Amino acid sequence: MNPTHSFILDFLKNEPIGETIHFVWYITDIGIAALFKENKNLKIYNLNVEKEAKNISLDISKEEKEYCEIGDKKLFLFYS
């Protein structure tokens, strides 16, 4: 596992900032992490992530988005 993945996993142990239909949301020192709740098709998550971010008052529309798989966890990482 690379150091960035270990770093992100440490933040996933913290209290989330919100929860939506498909994601549990976390703040990290790198950016915003949207942890997938289930193991559905990536396309479903990709179509819903920005809409669901707005439901918890996050504007991620101008952020870079990176898909990550860390062990059994899947997430989007948003950063500037």
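Further up the page is the structure itself.
Conventions and cut-offs
- Residues numbered from 1 in each chain as written.
- Predicted model: local features only at pLDDT ≥ 70, side-chain atom pairs only at ≥ 80, totals over all residues.
- Heavy atoms only, no water.
- Helix = DSSP H or I, 4+ residues; strand = E, 2+ residues; numbered from the N terminus.
- Rg over C-alpha atoms; globule rule 2.2 N^0.38 Å.
- Contact = heavy atoms within 4.5 Å.
- Polar contact = N/O pair within 3.5 Å; in protein donor to acceptor, adjacent residues only side chain to side chain.
- Pairing = 2+ DSSP bridges.
- Axes fitted to C-alpha atoms, helices over the stretch in contact; angles between N-to-C directions.

**Description of the overall build of the protein chain**
Part 1 of the argument: Looking only at helices and strands, one finds two helices and five strands in the protein chain.
Part 2 of the argument: The helix and strand sequence of the protein chain, counted from the amino end, reads α-β-β-β-α-β-β.
Part 3 of the argument: Relative to its length of 80 residues, the protein chain is compact, with a C-alpha radius of gyration of 12 Å against a globular reference of 12 Å.
Part 4 of the argument: In terms of overall dimensions, the protein chain has a C-alpha envelope of 30 × 25 × 25 Å along the principal axes.
Part 5 of the argument: Taking all contacts inside the protein chain whose residues are at least 6 apart in sequence as the whole, residues at least 24 apart take part in 45%.

**Quick look at the side chain of Thr-28**
Part 1 of the argument: Position of Thr-28 relative to the elements: it lies in the loop between strand S2 (23-27) and strand S3 (32-36).
Part 2 of the argument: Only 2.8 Å separates the side chain of Thr-28 from the backbone oxygen of Gly-31, close enough to count as a polar contact.
Part 3 of the argument: Those residues in contact with Thr-28 that sit more than four places away from it in its chain are Phe-11, Ala-33 and Leu-77.

**Remarks on the sheet that holds S2**
Paired through backbone hydrogen bonds, the strands of a sheet run either parallel or antiparallel to each other.
Part 1 of the argument: The sheet built from five strands is open, its strands ordered S1-S2-S3-S5-S4 with antiparallel pairing. Of all the strands in the sheet, just strand S1 (18-19) and strand S4 (64-70) have a single pairing partner and so form its edges.
Part 2 of the argument: Pairing of S1 with S2 involves two bridges; the strand directions are antiparallel. From the neighbouring strand, Gly-18 faces S2, where its bridge partner is Trp-25.
Part 3 of the argument: Where helix H1 (residues 3-11) meets the sheet, its contacts fall on S2, S4 and strand S5 (73-79), and the angle it forms with S4 comes to roughly 90°.
Part 4 of the argument: Helix H2 (residues 42-55) rests against S2, S3, S4 and S5 of the sheet, and its axis sits at about 60° to S2.

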